[in-house]
Amino acid sequence: MGTPPAPDPDPDALKRARERRGLSQTDVARLLGVPAADRNQVARWEHGAHTPQLHYQRRLWALFPELAPDGEADVERRAFLGIFGATGAVLAADATSPVREPPGRTGQRSLSEASIPSGVDIGALILEARKLDDQLGGARVWPLAHRLPAIALGMGDIGAAADAAQLCGWLCFDMDRLDHARGWLNRAQELARAAGDRSLLAYVNGYHAILDLYGKHPRRAIRAARAAVQTARAAPPGVRSWLGTVQAESHAAIGDERAALASLEQAALLLPQHHPDDAPRWLYFLSRGDLTQVEGTANLRLGRTRQARAAIHETLASTPGFLRERALHLAALARTHAIDREYDEGARVAGEALRVARATGSARGVRRVRQAAAALEGRAAEELREQLADE
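A few points on the structure.

Reading the values: rules and limits
Residues numbered from 1 in each chain as written. Predicted model: local features only at pLDDT ≥ 70, side-chain atom pairs only at ≥ 80, totals over all residues. Heavy atoms only, no water. Helix = DSSP H or I, 4+ residues; strand = E, 2+ residues; numbered from the N terminus. Buried < 20%, exposed > 50% of the residue type's maximum accessible area, 1.4 Å probe, protein only. Contact = heavy atoms within 4.5 Å. Areas by Shrake-Rupley, 256 points an atom, 1.4 Å probe, with all protein chains shown as cover. Phe/Tyr/Trp six-rings, centres within 6.5 Å; stacked < 30°, edge-to-face > 60°. Polar contact = N/O pair within 3.5 Å; in protein donor to acceptor, adjacent residues only side chain to side chain. Core = buried A, V, L, I, M, F, W, Y, C linked by side-chain atoms within 4.5 Å. Salt bridge = Lys/Arg side-chain N within 4 Å of Asp/Glu carboxyl O. Axes fitted to C-alpha atoms, helices over the stretch in contact; angles between N-to-C directions. Parallel < 35°, antiparallel > 145°, perpendicular 65-115°, else oblique. Left-handed = near helix turned anticlockwise from the far one by under 90°.

1. Comments concerning the overall build of the chain
Item 1. Scanning the chain from N- to C-terminus turns up 20 helices and two strands.
Item 2. Relative to its full complement of 391 residues, the chain shows a buried share of 53%.
Item 3. Of the contacts made within the chain by residues no fewer than 6 positions apart, 68% connect residues no fewer than 24 positions apart.
Item 4. Approximately 17200 Å² of the chain is accessible, and the part contributed by carbon and sulfur atoms is 49%.

2. A closer look at the packing of aromatic side chains
Item 1. Counted under the stated rule, the structure contains nine aromatic pairs.
Item 2. Where Y203 meets W242, the ring centres are 4.7 Å apart and the plane angle is 55°; that geometry is what we call tilted. With Y203 in helix α11 (residues 198-214) and W242 in helix α13 (residues 237-253), the pair connects residues that are 39 residues apart, well separated along the chain.
Item 3. Of the residues examined, Y203 reaches a relative accessible area of 2% and is grouped as buried.
Item 4. Looking at W242, the relative accessible area reads 5%, which means it is buried.
Item 5. Plain terms: the ring middles of Y203 and W282 are 4.3 Å apart, the flat faces sit at 20° to each other, and that makes the pair stacked. Residue Y203 is found in helix α11, and its partner W282 is found in the loop between α14 (257-270) and α15 (288-301); the two are separated by 79 residues along the sequence. Both residues of the pair, Y203 and W282, count as buried.
Item 6. Cluster of aromatic residues (ring-pair linked, three or more members): W170, F173, Y203, Y207, Y214, W242 and W282.

3. Comments concerning the environment of H217
Item 1. Following the sequence through the fold, H217 ends up in the loop between α11 and α12 (218-231).
Item 2. Under the relative-accessibility criterion, H217 is labelled partly exposed at 36%.
Item 3. For the pair H217 and A253, spaced 36 residues apart in sequence, the C-alpha separation works out to 9.1 Å.
Item 4. In terms of polar contacts, H217 uses its side chain to reach the backbone carbonyl oxygen of G215, at 3.3 Å.

4. Notes on the nonpolar core
Item 1. Residues I122, L148, L167, L171, Y203, W242 and L283 are the most contacted members of the largest nonpolar core, which totals 67 residues.
Item 2. Apart from residues no more than four positions distant in its own chain, L283 is found in contact with Y203, G238, V239, W242 and H274.
Item 3. Counting 27 residues, the second largest nonpolar core, distinct from the first, contains L300, V366, A373 and L384.

5. Let's talk about the environment of R368
Item 1. Note that R368 resides in helix α19 (residues 363-374).
Item 2. Sequence separation between R368 and A331 is 37 residues; the distance between their C-alpha atoms is 5.9 Å.

6. Overview of the pattern of salt bridges
Item 1. Scanning all chains against the criterion turns up 26 salt bridges.
Item 2. Of the charged contacts in the structure, one is a salt bridge between R18 and E19, with a shortest N-O distance of 3.9 Å.
Item 3. Accessibility expressed as a relative area gives 9% for R18, which makes it buried.
Item 4. Since its relative accessible area comes to 45%, E19 is described here as partly exposed.
Item 5. Across the salt bridge formed by R18 and E46, the nearest N and O atoms sit 2.6 Å from each other. Taken together, the positions of R18 in helix α1 (residues 11-20) and E46 in helix α3 (residues 41-46) put the pair 28 residues apart, joining distant regions of the chain.
Item 6. Connected through shared salt-bridge partners, D133, D174, R324, E325 and R364 make up one network.

7. Quick notes on the packing of helix α9 (residues 158-174) against helix α10 (residues 178-195)
Item 1. As a packed pair, α9 and α10 sit with axes 8 Å apart at the nearest point and diverge in direction by 165°. Between α9 and α10, the crossing angle belongs to the class labelled roughly antiparallel. Here α9 runs over α10; the crossing is left-handed. Contact residues: α9 offers I158, G159, A161, A162, A165, Q166, C168, G169, C172 and F173, while α10 offers L178, H180, A181, W184, L185, R187, A188, L191, A192, A194 and A195.

8. What to know about the packing of α9 against α11
Item 1. The interhelical angle for the contact between α9 and α11, taken along N-to-C directions, is 15°, at an axis separation of 11 Å. By the criterion of interaxial angle, the relationship of α9 to α11 is roughly parallel. Considering the relative orientation of α9 and α11, their crossing is left-handed. Across from G159, A162, D163, Q166, W170 and F173 in α9, the residues of α11 making contact are L200, Y203, V204, Y207, I210, L211 and Y214.

9. With respect to the side chain of R309
Item 1. Secondary-structure assignment places R309 in helix α16 (residues 305-318).
Item 2. Apart from residues no more than four positions distant in its own chain, R309 is found in contact with L333, T336, H337, D340 and E342.

Structure follows, in structure tokens:
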């Protein structure tokens, strides 16, 4: 029996949900990835003149869980269960699971949480979890994602368990839980070594460098990134390109412009050699937009605001589907305006970043907005800081 179609969204409920969050119709359109030429679509939905297409409905449910059909507020839990159900997996999930350290050790094979039939592609489930994170943010994906390493180990797939543990580390990072992120990345290292997957090991080491960088230990980040590059000598070009961006931002954090730009150049040279079909699944996101993102943040760290702004605008234009990351890009853009003393524009952009961060539940995004707000002056900046006081 097929799944019954979802009821059409209530136009009045959509308007109330939007207004409760202080979002304009244009804000919602941007968050949903509606093309610029069709930004009046939200107004039509609220007036009942049109019904959102299914893919827009799903994004609306992610932004406004109370609009989801059958009254459930945890739309992300149902989305995840749908993924598992589609493959025949049975998962008992608690949508209120706390953020925690990884349990057990590498050799753990117990599987009390799920019964997985043979033939299930656990790697595909992990990839779908990563893609849901792009739309919903780490806090919403965590309740089910943190079970994936144990599921993979129960299936005897140590490589997939390493992949899933790295994802858990990333989700903790997005939730601004750097302590737990480190624990999960350590587990991912153990599992990647046990699986003999040096590409994944290098990727995990690169995230250790990112944690050092955002923990304000840039020299330690440089050492970690250098070690990751050594591990990745035989890795696919895409992995080495991504690691080049990690090195670039680490060098920029200590003001080493020459080394930062050289690393960016090397990453750019490797990127055209990246072929998604031949790359690891966990590198699905890699594109020109990933490179321009780091060009923006590295140039921002170096005080090169013109170059940073151009790169950030290119990133925003080329990655419309990565809703959660938009908050980070906009916060970085606001900081370029702060450096150039364009405080009102900086506050406006930072306000948009805050709305995106709230909509996707990204503590990391809110943290970046705080950093931008601290560099701004004037009445608009004060109003922004008042909004942040509620976070």
